[in-house]
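Residue strings, one per chain:
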Amino acid sequence: MGRAPRRDLLAGLTVAIVALPLALGFGVSSGLGAEAGLATAVVAGALAALFGGSNLQVSGPTGAMTVVLVPIVAAYGPGGVLTVGLMAGVLLIALALLRAGQYMRYVPAPVVEGFTLGIACVIGLQQVPNALGVPQPDGEKVVLVAWRAVVDFAQSPNWTAIGLSLGVAAVMLLGARWRPAVPFSIVAVIAATLVVQVFSLHGAAPIGNLPAGLPAPSLAFLDPSALGSLIAPAIAVAALAALESLLSATVADGMTVGQKHDPDKELFGQGIANLAAPLFGGVPATAAIARTAVNVRSGASSRLAALTHAVVLAAIVFAAAPLVSKIPLAALAGVLLATAVRMVEVGALRAMAKATRSDALVLVLTAAATLVLDLVYAVIIGLVVAGALALRAVAAQASLNQVDFRPDLPGEHSDEEHALLAEHIVAYRLDGPLFFAGAHRFLLELSEVCDVRVVILRMSRVTTMDATGALVLKDAIEKLNRRGIAVMTSGIRPSQRQALDSVGALELLQNEGREYATTPEAIAGARKYLEQAGLVPVGHWPHPHHTRKAPR
């Protein structure tokens with residue numbers, strides 16, 4: 001932190017100015033109040049910076065976490081949220097000790113983009129009541145709540161509130177295009193606050209403000225007997241905190257040169273932050289991609305910037321609380337509306353939609369599930385669908401192709417001998433994976449073989465095999481044997497032998513003496529089998545070194 005302190009201090013101040021309206025807005029949106037958002041930004045921001053695995057990460061309340069917390073507040077009240085935060089902190093520390101951070105790389109990009117899009121939509125819809133200046137309607141589903149707010153607004157319009165919200169959002173969005181380095185969020189909020197104060201002096205319709213004086217956050221925890229019902233919400237919060245934090249750290253690494261985060265240490269830092277934040281009345285926290293990006297663009301090079309951001313916000317809490325309480329809720333709604341818009345990366349969405357139909361489907365399903373269900377279910381659905389589509393694509397690579405075995409025929413033979421052997425022998429090459437996703441299709445194709453006496457399976461190009469693939473192969477061999485067709489294999493890899501041996505397929509081949517190391521040896525074995533059956537003339541191979549592999 002001593003390498004470039006001046007630059008880090010300036011970056012931390014810039015991030016604090018950007019984070020202030022976001023912390024207030026997300027605190028209000030979570031249902032615990034603006035004071036809870038500020039407490040989270042200060043406590044979690046400082047501890048995650050000290051104990052986390054990234055030098056550039058900025059943590060605090062986020063829109064994604066707010067989406068998860070709203071139904072918890074509705075079901076269990078503020079005490080439930082604080083208790084869930086403590087439980088999530090313990091789970092995050094456990095994930096860090098289990099070194100689970102490395103598995104973040106297995107989350108597909110369409111899932112990440114899909115739930116980011118869904119979160120942006122939910123955040124935008126959550127702001128509709130405050131943006132329209134109407135009381136918060138009852139309900140848990142954000143779409144229904146937003147619709148009820150629109151109905152209430154139609155009955156009693158509050159044009160001042162909607163004007164403030166849209167004005168703040170417009171200033172932020174247009175200002176970011178004009179001067180990206182200027183914190184237009186704080187500029188817009190200050191301007192909106194001044195406008196409301198002037199209007200109130202002239203008897204204009206009142207606009208909802210933050211509570212006067214920013215009261216101390218509530219510290220009411222649930223009774224320990226209720227912890228069992230909070231396990232699922234705690235897992236959801238911990239999963240989101242881990243996912244968003246590691247994603248944010250990855251983004252920060254990509255924006256810099258020479259920075260690389262430690263995923264397991266980052267999970268540990270987020271766990272410590274989430275253990276401490278509820279003790280100060282804060283909500284569960286996670287790393288914030290937007291604030292982290294501002295930190296990097298402002299020239300931060302160490303943890304000093306994130307610590308400075310927390311200290312500045314703490315100073316605002318103690319010194320400027322009466323001024324902060326003058327901020328109208330409609331202005332904060334405008335800040336979050338602009339944030340939701342800026343969360344949507346149109347270029348990334350377009351790229352995902354154009355990549356493959358599977359990627360587009362996963363993205364749309366994840367976004368829709370986030371909007372209709374909740375974030376955790378959305379991620380699970382996205383992962384399951386992405387995994388199923390990936391398995392289907394991998395299984396499609398497996399093929400069973402008939403090949404000409406005559407180039408591998410040992411010795412010199414006449415055309416008549418070649419034709420005679422080809423009349424009774426067919427060779428197939430197995431390519432790709434032989435596992436549960438595509439094994440049954442293989443069984444169907446192989447079982448349709450007819451009008452031959454010997455089937456040679458060339459196994460050297462099988463990339464992977466599981467127990468299902470081994471069982472399917474065994475069933476195919478037994479079905480062909482019952483029809484009087486002998487099955488011989490060549491080129492079984494050492495990595496495949498365990499799966500074949502576990503289901504008895506290897507023993508079946510070895511007992512019959514029909515497993516060979518190479519294709520020429522398998523053809524020689526097939527020739528001998530046909531000679532014993534009296535289907536081809538008895539002879540000998542011109543090259544006696546082609547011998548059958550002795551069964552183990």
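Residues numbered from 1 in each chain as written. Predicted model: local features only at pLDDT ≥ 70, side-chain atom pairs only at ≥ 80, totals over all residues. Heavy atoms only, no water.

## Some thoughts on the overall build of the protein chain
What the protein chain contains, in helices and strands, is 23 helices and eight strands. Scored against the burial criterion, the 552 residues of the protein chain give a buried share of 51%. Expressed as a percentage of contacts within the protein chain between residues at least 6 apart in sequence, the contacts between residues at least 24 apart total 83%. In the structure as shown, the protein chain presents an accessible area of about 25,100 Å², 63% of it carried by carbon and sulfur atoms. (Helix = DSSP H or I, 4+ residues; strand = E, 2+ residues; numbered from the N terminus. Buried < 20%, exposed > 50% of the residue type's maximum accessible area, 1.4 Å probe, protein only. Contact = heavy atoms within 4.5 Å. Areas by Shrake-Rupley, 256 points an atom, 1.4 Å probe, with all protein chains shown as cover.)

## With respect to the environment of Ala 333
Structurally, Ala 333 is set in helix α14 (residues 329–343). Along the backbone, Ala 333 and Ala 161 are 172 residues apart, and their C-alpha atoms lie at a distance of 9.6 Å. Ignoring any residue separated from it by four or fewer positions in sequence, one finds Ala 333 in contact with Gln 127, Asn 130, Ala 131 and Ser 165.

## Details of helix α10 (residues 263–276)
Residue pairs three or four apart in sequence face the same way in an α-helix, which turns once every 3.6 residues. Between its terminal C-alpha atoms α10 stretches 20 Å, which fits the 20 Å expected from 14 residues at 1.5 Å a residue. Among all positions in α10, only Asp 264, Glu 266, Leu 267, Gly 269, Gln 270, Gly 271, Ala 273, Asn 274 and Ala 276 are buried. A side-chain oxygen of the first residue of α10 lies 3.2 Å from the backbone nitrogen of Asp 264; this N-cap is Asp 262. (Expected span 1.5 Å × (residues − 1). Polar contact = N/O pair within 3.5 Å; in protein donor to acceptor, adjacent residues only side chain to side chain.)

## Description of helix α4 (residues 109–126)
The end-to-end C-alpha separation of α4 is 26 Å, in line with the 26 Å expected for 18 residues at 1.5 Å each. Among the 18 residues of α4, 14 are classified as buried, and the element is accordingly described as predominantly covered.

## Thoughts on the packing of helix α1 (residues 5–30) against helix α2 (residues 34–51)
The interhelical angle for the contact between α1 and α2, taken along N-to-C directions, is 130°, at an axis separation of 6 Å. Judged by the inter-axis angle, α1 sits oblique to α2. Taken as a pair, α1 and α2 cross one another with a handedness that is right-handed. Counting all contacts with α1, which are made through Leu 20, Ala 23, Leu 24, Gly 27 and Val 28, the residues of α2 involved are Ala 34, Gly 37, Leu 38 and Ala 41. Residue classes in the contact of α1 with α2 are distributed as seven nonpolar, two polar and no charged. (Axes fitted to C-alpha atoms, helices over the stretch in contact; angles between N-to-C directions. Parallel < 35°, antiparallel > 145°, perpendicular 65-115°, else oblique. Left-handed = near helix turned anticlockwise from the far one by under 90°. Nonpolar A, V, L, I, M, F, W, Y, C, P; charged D, E, K, R; others polar.)

## Regarding the pairing of strand β7 (residues 486–490)
Counted residue by residue, β7 has five buried out of five residues, so it is predominantly covered. Alternating residues of β7 divide into Ala 486, Met 488 and Ser 490 and Val 487 and Thr 489, and every residue in both groups is buried. Bridge count for strand β5 (residues 454–458) against β7 is five bridges, and the pairing is parallel. Paired with Leu 457 across the bridge in β7 is Thr 489. (Pairing = 2+ DSSP bridges.)

## Notes on unusual backbone geometry
Even without glycine at this site, Arg 99 takes up a positive phi of about 55°. Its location among the elements puts Arg 99 in the loop between α3 (63–97) and α4.

## Quick notes on the packing of aromatic side chains
Counted by the stated rule, this structure contains one aromatic pair. An angle of 85° between the planes, with centres 5.2 Å apart, marks the rings of Phe 153 and Trp 159 as edge-to-face. By relative accessible area, which is 10% here, Phe 153 ends up buried. (Phe/Tyr/Trp six-rings, centres within 6.5 Å; stacked < 30°, edge-to-face > 60°.)

## A closer look at the packing of α1 against α3
Geometrically, a packed helix pair is captured by the angle between its two axes and the distance between the axes. For the pair α1 and α3, the least separation of the axes is 8 Å and the interaxial angle reads 25°. The angle between α1 and α3 places the two elements in the roughly parallel class. Counting all contacts with α1, which are made through Phe 26, Ser 29 and Ser 30, the residues of α3 involved are Gly 63, Thr 66, Leu 69, Val 70 and Val 73. In terms of residue class, the contact of α1 with α3 is built from four nonpolar, four polar and no charged.

## Side note on the pattern of salt bridges
Here the idea is simple: oppositely charged side chains can pair when their charged atoms come close. Summed over all chains, the structure comprises five salt bridges. The salt bridge involving Asp 264 is made with Arg 99; its shortest N-O contact spans 3.6 Å. Here Asp 264, found in helix α10, pairs with Arg 99, found in the loop between α3 and α4; they are 165 residues apart in sequence, far enough to count as distant. With relative accessibility at 9%, the residue Asp 264 sits in the buried group. For Arg 497, the salt bridge identified is with Glu 515, shortest N-O distance 2.7 Å. Highlighted residues: Arg 497 in helix α21 (residues 494–502) and Glu 515 in strand β8 (residues 515–516), separated in sequence by 18 residues. Each of Arg 429, Asp 431 and Arg 461 takes part in salt bridges that share partners, so that together they form one network. (Salt bridge = Lys/Arg side-chain N within 4 Å of Asp/Glu carboxyl O.)

## A look at the nonpolar core
Counting residues in hydrophobic clusters, the biggest one holds 84 residues, and the most contacted among them are Leu 24 and Val 237. Broken down by element, the residue count for this core peaks at 14 residues, all from α3. Val 452, Leu 473, Leu 480 and Ala 499 belong to the second largest nonpolar core, which has 27 residues in total. (Core = buried A, V, L, I, M, F, W, Y, C linked by side-chain atoms within 4.5 Å.)

## Comments concerning the environment of Glu 478
Along the polypeptide, Glu 478 turns up in helix α20 (residues 467–482). Considered as a pair, Glu 478 and Ala 505 are 27 residues apart in the sequence and their alpha carbons are 9.3 Å apart.

## Thoughts on the confidence of the model for the protein chain
Scored by pLDDT, the protein chain has a mean of 80; 87% of the residues are at 70 or more. α10 holds the highest mean pLDDT among the elements of the protein chain, 94, whereas helix α19 (residues 439–447) holds the lowest, 69. Segment residues 540–552 is flagged for pLDDT under 50; beyond a separation of four residues in sequence, or across chains, it makes 22 contacts in the model. (pLDDT = per-residue confidence, 0-100.)

## Some points on a nonpolar patch on the surface
Nonpolar side chains collect at one region of the surface, where Val 372, Leu 373, Tyr 377, Ile 380 and Val 384 lie side by side and expose about 500 Å² of accessible area between them. By residue number, the principal contributor to the nonpolar patch is helix α17 (residues 375–396), which donates three residues. Position of Ile 380 among the secondary structure elements: in helix α17. (Patch = residues over 30% accessible without salt bridge, like charges linked within 9 Å, V, L, I, M, F, W, Y side chains within 5 Å.)

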